[in-house]
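Working through the structure, step by step
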Amino acid sequence: MVESFSLPLRPPTDKDERPDTLPVEIAQINNQWGSFREVNEDVLRAEIAKQKKPDATPSEEDEEEPTELDATERREQLYKRRLEITQFAVSVKHSSHATGSQDFCVKPVEYRKAHQETMLALDFISLLLSKHSPRQAETSMSPLLKQLAPLGSLSSDLVNAPPRTEATLKDIATVSRGWRMQSFNAVSNKLLNAATRLNREIDSETKYWNEVIAVKDKGWKVCRHPRVRQALAVRYGFIEATPAFRDRGLASLQRSNDGSLVLDQGLMPTSARYVRVQVKQGQQKWASSKPTGTIANETDPIEARILQARDSVFEEELFHELVREARALASCGVTTRENLIGIPVADDTEIMLDLVDIDGHDSQSQEALLRENDSIADGFAHGIRIMLCFAHRQNLRRRTQIPRPLTTARPPIPEYHLLRPALAYLQHLTLVRSLEAYFSDIYTVLRSAGLDLPPWNLQTCVGWPLGSVGKSTHSLEALVEKFLRPVESVFSGDLLTPRGSFSVTIRTNFSAVPLGSIYEVSFQLPTVSHLKTPNRVGLREEAEAAITHILLLDVVSAIASNPISAAPGKTEPQKWVPIYPPLGELLLPHSHPERHKKMKVTLTRHDMAVTTYLVNSIDGVGRGVQELRMQGAGAHVCKFPRSSSESSLDQGSEALMDFVAEEARRQSRM
Amino acid sequence: MHELLLFASVPVHQHYELLQQLAGLTAMQPRHALERRLVYKAFRKPGLNTGRVGGSQDLQQANAADLQRVNKMLNGGMFYTQVVGPVSEKDFAAAPVKVTASELESDTQMAGMELSNPPASVQADTAATYDFDRQPWKLDFRDIPEAATRSAVTTRVMASAALPRGNIEPSMNAWGYGFVTEYVVEGDIFIHNDIVIFLHRVLHYPSDEKEPREPRRSLPSLKKMAPLEKTGSYVLQASIAVQDGSNQETMKTASQHLLGLREQLKSAVRLEPADRLSLDTRAK
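The structure presented is a predicted model; accordingly, all values stated were derived computationally and were not measured.

For the rest of this paragraph, the subject is the overall build of chain A. Regarding its fold elements, chain A presents 17 helices and 19 strands. Burial statistics for chain A: of 670 residues in total, 21% are counted as buried.

This is the structure:
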């Protein structure tokens, strides 16, 4: 840098070293050493030897000579002056002696004059000395002077400096030349350093501003820092976020020494963090995948660091809002600890949310990674983030409405709905699956009994547009809004009874109280028109019981409506009469009072049993203790689905209707 | 309810720039607004008992308190009031609702329309018709600004009440108001925290028409509307509403908010309180 700088700032030192022209040098040598004629080897050797010797003594003599000379000269002068004074005094004395007899009267006058002058001189000297030794000088001062002039009011100085010797002048000249050279050197060094520094500054400033412009061109909002007036800042936060997080979305753009941008986020932790979603099912655990492409080091371009800062702010806001919401959902079993939210979804499934560093590896979650269940955790993670973005948009909408009149009480900010939609969906899905399993179980039982039940069908998440959705803002927001509404699924199917049908609607609502799921069971059964629908049922067991009951009624009415071919010898066909349909009891009346035959159908999720026995009462309608079961009237039991041993024993009646007809025939034979 | 206001005049060449600045300040897009404003003047019916004792006591509705307050204000002195009806751009030069839409110059500009306003049925089936009978209205009462307030903002009592849709002439007449004139206000609304910033100008109906004695049932083309101020300059109105005007603390907060906005906009426009007598709404 110094070399490349073109301004001649250094003193021209090289000028002295430049070789003179030859004639000048010859003239110089002639002047200094005399003619070349006397130069021979011996003389030169002697000269060299003389130069080599430490010539301390002659030089010292040379140095001291002028000072000595100076001192002696001065002393001589001093002596000379003193001599002059004494001579003068003597001459005065002589003259006074000579004139003593003649001018006797004049003598006191002269004397007084001299005394006066002496006193004046004394006063003068005293006043002069009073500056340095006032106590001593005061004693010799006249009182008049003391009044007139304060002590120490006169000072002396050497005005006419003693003439310097030539050697001293030469010294001074050399020293001052040396000083001057040194100063010039220092100044030029400073100037050159300053120039270098300025150049470096220019370079780094250029780099800094280029990077700032690059950031601005990428679309980031660059502004003056609101608190530090001299600094620039970039806004990467979300303007609709909670004020605490909105203000954090601003980092000043500092310049490092080499001019590169430094993103100064103040006291905020710089490590990237994210909300991890873990799904725990029994002993197994699955974690959501990490967000991609947001981990930035100090060496990464500024864009990546800004992105990371933005993502971190977003994630921290997300967790903050999740904790807020989780506290509000405490009644649903959601637990919050310092840095962990636990959400029970189903019987053995729990979702856990925590805020962790991106680079911090977690051995627990790495252990048992099954890809297919990652999708739930990932879906949950995406879901809550989408909901936060949606909440931001809602904030914008709320903010741009005409505000309410100012009052003293500010309306509280409600919690965002982040967990609730996801929670509703997961809970709903669990319930739908469980009811689906239930239906498939009980339908298997009924079909194994040979009942030709029309298949049931299921419509999950009614009203959710799962097809393509327009890309405009409004349609996207409308789409997300749909997820905030109650989730609804409908099971429906036809029954064995003609014109009979049932439908079960599961509705899960987490957006408004009451939180949770309800079942709405409704059915159409013409044979038992007096039965009311149970409507809203809160518990899964109750809902299942209701469905079982409906199906039992249906089976009973199917048995009752099934005509049995008339037994030989009888004219009218016999019929099972449903006497207590809710209990699954039917009666086959007989003319003999002790030959009434009763059939009892029991239906559970896993099996169906049909029992027939004779009852011993007049009309056979008694129940419980009044039922009067015949002693030894061999009860026939038929169970569905048939186990393999049973089916091999009794080949005859495989289906329920066969069994029913068989029993009827048996009775008529009696 | 009280209203605190500051005004500024914006020359037309500065309008676009100011729109941008305000959009930056409030971090929102301007919301275009067009309003029909009908001016009504109170008159005393001969022999009318102004007491109206117990007249409003049987109103057991949700807005009974509002109506009562408005009634009280209406009967206290004689004031001019305004009836404000939001309209959209396509309502101008649109045929009355009876005429088929195909005959008209179709206007596909749907964006920037008032979200809350024109009724759904009008929006849905008649793209270029103006149905006066479905026009929503709002009664806006403004008192004369308070005198001798040391604060550097205009303060006045205000009240608003929703009116029935359609023709409000009979109701207004029944309440003792006579139609005076009407004009249109066009502008853009910004919201900055609690402050409503309305950059607007007044448009007059074409002067060649005869001034009708009642509200118009159809609107002329927007292009034919002439600004009241010939140069087309705009008025910037920053207002903030306060629920309880007797609460000094809220009033102070509100005026501080307004003055803060004035400081923020200092380099762009000069917001000032308006001349009190120019906002006089009393009917002499």
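What follows is about the overall build of chain B. When helices and strands are counted, chain B shows five helices and 11 strands. Partitioning the intrachain contacts of chain B with sequence separation of at least 6 by distance along the chain shows that 78% fall at a separation of at least 24.

If you check helix α13 (residues 419–448) of chain A, its first and last C-alpha atoms are 43 Å apart, about what 30 residues at 1.5 Å a residue would give, namely 44 Å. Backbone geometry just after α13 of chain A places G450 of chain A at a positive phi near 80 degrees.

All names here are of chain B. Where strand β8 (residues 177–192) meets strand β9 (residues 195–204), nine bridges bridge the pair, whose relative direction is antiparallel. The partner of E186 across the bridge, within β9, is R201. The turn joining β8 and β9, which pair antiparallel and follow one another in sequence, is formed by two residues; a positive phi near 55 degrees is taken by N193. Of the pairings in the sheet, the one linking β9 to strand β11 (residues 234–242) comprises five bridges and is antiparallel in character. In the sheet register, H200 faces β11, and the bridge partner there is V235.

All names here are of chain A. One open sheet accounts for four strands, arranged β1-β2-β3-β4; its pairing is antiparallel. Each of the sheet's edge strands pairs with one partner strand only, and the pair in question is β1 (221–224) and β4 (261–264). For this sheet the average axis-to-axis angle between neighbouring strands, irrespective of direction, equals 35 degrees. Sheet topology places β1 next to strand β2 (residues 232–235); four bridges connect them, and they run antiparallel. Counterpart to K221 in the pairing with β2 is R235.

Residue and element names in this part refer to chain A. In this fold, I343 is placed in strand β8 (residues 340–344). Owing to 24 C-beta atoms within 10 Å, I343 belongs among the buried residues under this scheme. Taking the C-alpha atoms as reference points, I343 and L329, 14 residues apart in sequence, are found 9.4 Å from one another. If we ignore the near neighbours within four places in the chain, the residues touching I343 are V334, E350, I351, L419 and L423.

Right, let's talk about the nonpolar core for a bit. Residue and element names in this part refer to chain A. Formed by 53 residues in total, the largest nonpolar core has its most connected members in L322, A377, F380, I384 and L419. Shared between two domains, this core takes at least three residues from each, and those domains are domain 3 (218–358 + 368–399) and domain 4 (419–550). Filtering out sequence-adjacent residues up to four positions away, L322 remains in contact with I341, L353, I384, L418 and L419. One finds F502, V504, I506 and V660 within the second-largest nonpolar core, a separate group that totals 40 residues.

This brings us to the interface of chain B and chain A. It is common to report an interface's size as the accessible area lost on association of the parts. Each partner contributes to the interface: chain B provides 16 residues, whereas chain A provides nine residues. Among the elements of the structure, β11 and α5 (248–264) of chain B are those that each provide at least two residues to the side of chain B that touches chain A. Counting residues per element, the side of chain B that touches chain A draws most heavily on α5 of chain B, at four residues. Taken together, the residues that form the side of chain B that touches chain A break down as nine nonpolar, four polar and three charged.

Once that is clear, we can look at the packing of α13 of chain A against helix α15 (residues 540–561) of chain A. Think of two packed helices as two axes; the pair is described by the angle between the axes and how far apart they sit. Residues and elements named next belong to chain A. Between α13 and α15, whose axes approach to 11 Å, the crossing angle comes to 25 degrees. Relative to α15, the element α13 is oriented roughly parallel. The handedness of the crossing between α13 and α15 is right-handed. Between α13, through L431, S434, Y438, I442 and L446, and α15, the contact on the second element is made entirely by R540, E544, T548 and L551. Of the residues in the contact of α13 with α15, the class split is five nonpolar, two polar and two charged.

Moving on, we come to the pairing of strand β7 (residues 154–163) of chain B. Residue and element names in this part refer to chain B. Across four bridges, the pairing between strand β1 (residues 2–10) and β7 is antiparallel. Paired with E3 across the bridge in β7 is R156. Sheet analysis places strand β6 (residues 137–142) next to β7, joined by six bridges and oriented antiparallel. Pairing of D140 across the sheet is with S160, part of β7.

Attention now moves to the confidence of the model for chain A. All names here are of chain A. When pLDDT is averaged along chain A, the result is 79; 80% of the residues meet or exceed 70. Averaged pLDDT values for the elements of chain A fall to 46 in helix α11 (residues 363–367) and rise to 91 in helix α8 (residues 166–217). Low pLDDT (under 50) marks residues 100–104, which in the prediction has zero contacts with non-local residues, meaning those over four places away or in another chain. Note that residues 363–368 has pLDDT below 50 and, in this model, six contacts with residues that lie over four places away or in other chains.

Positive phi outside glycine occurs at C461 of chain A, with the angle close to 45 degrees. Examined against the element boundaries, C461 of chain A turns out to sit in the loop between β10 (457–459) and α14 (473–484). With a phi angle near 55 degrees, N193 of chain B is a residue other than glycine that sits in the positive phi range. By the element assignment, N193 of chain B lies in the loop between β8 and β9.

Attention now goes to the sheet that holds strand β18 (residues 608–615) of chain A. All names here are of chain A. A sheet is described by the order of its strands in space; here five strands give the open sequence β15-β16-β17-β18-β19, paired in antiparallel fashion. Taken across any chain shown, the strands that pair with only one partner, and hence form the sheet edges, are β15 (577–580) and β19 (636–640). The average undirected angle you get between the axes of adjacent strands in this sheet is 25 degrees. The pairing of strand β16 (residues 585–588) with strand β17 (residues 596–603) spans four bridges and is antiparallel. Opposite E585, over in β17, you have K600 as the bridge partner.

The next subject is the environment of L446 of chain A. All names here are of chain A. Locating L446 in the fold gives a position in helix α13. Using a count of 22 C-beta atoms within 10 Å as the deciding quantity, one classes L446 as buried. For L446 and P641, which are 195 residues apart along the polypeptide, the C-alpha to C-alpha distance reads 8.1 Å. Excluding residues within four positions of it along the chain, L446 makes contact with L451, L453, L551 and M608.

To continue, consider the confidence of the model for chain B. Any segment with low pLDDT has predicted coordinates that should not be analysed in fine detail. Residues and elements named next belong to chain B. Predicted confidence across chain B gives a mean pLDDT of 80, with 78% of residues reaching 70 or more. Mean pLDDT in chain B bottoms out at helix α3 (residues 120–125), which sits at 42, and peaks at β11, which reaches 94. Counting interchain partners and residues more than four positions distant, the pLDDT-below-50 stretch residues 99–126 has 28 contacts. Under the prediction, the complex receives an ipTM of 0.74, its pTM being 0.69.

Thresholds applied
- Residues numbered from 1 in each chain as written.
- Chains lettered and ligands numbered in written order.
- Predicted model: local features only at pLDDT ≥ 70, side-chain atom pairs only at ≥ 80, totals over all residues.
- Helix = DSSP H or I, 4+ residues; strand = E, 2+ residues; numbered from the N terminus.
- Buried ≥ 20, exposed ≤ 12 C-beta atoms within 10 Å, placed from the backbone.
- Contact = placed C-beta atoms within 7 Å.
- Expected span 1.5 Å × (residues − 1).
- Pairing = 2+ DSSP bridges.
- Axes fitted to C-alpha atoms, helices over the stretch in contact; angles between N-to-C directions.
- Core = buried A, V, L, I, M, F, W, Y, C linked by C-beta atoms within 7 Å.
- Domains from an automatic or database assignment.
- Nonpolar A, V, L, I, M, F, W, Y, C, P; charged D, E, K, R; others polar.
- Parallel < 35°, antiparallel > 145°, perpendicular 65-115°, else oblique.
- Left-handed = near helix turned anticlockwise from the far one by under 90°.
- pLDDT = per-residue confidence, 0-100.

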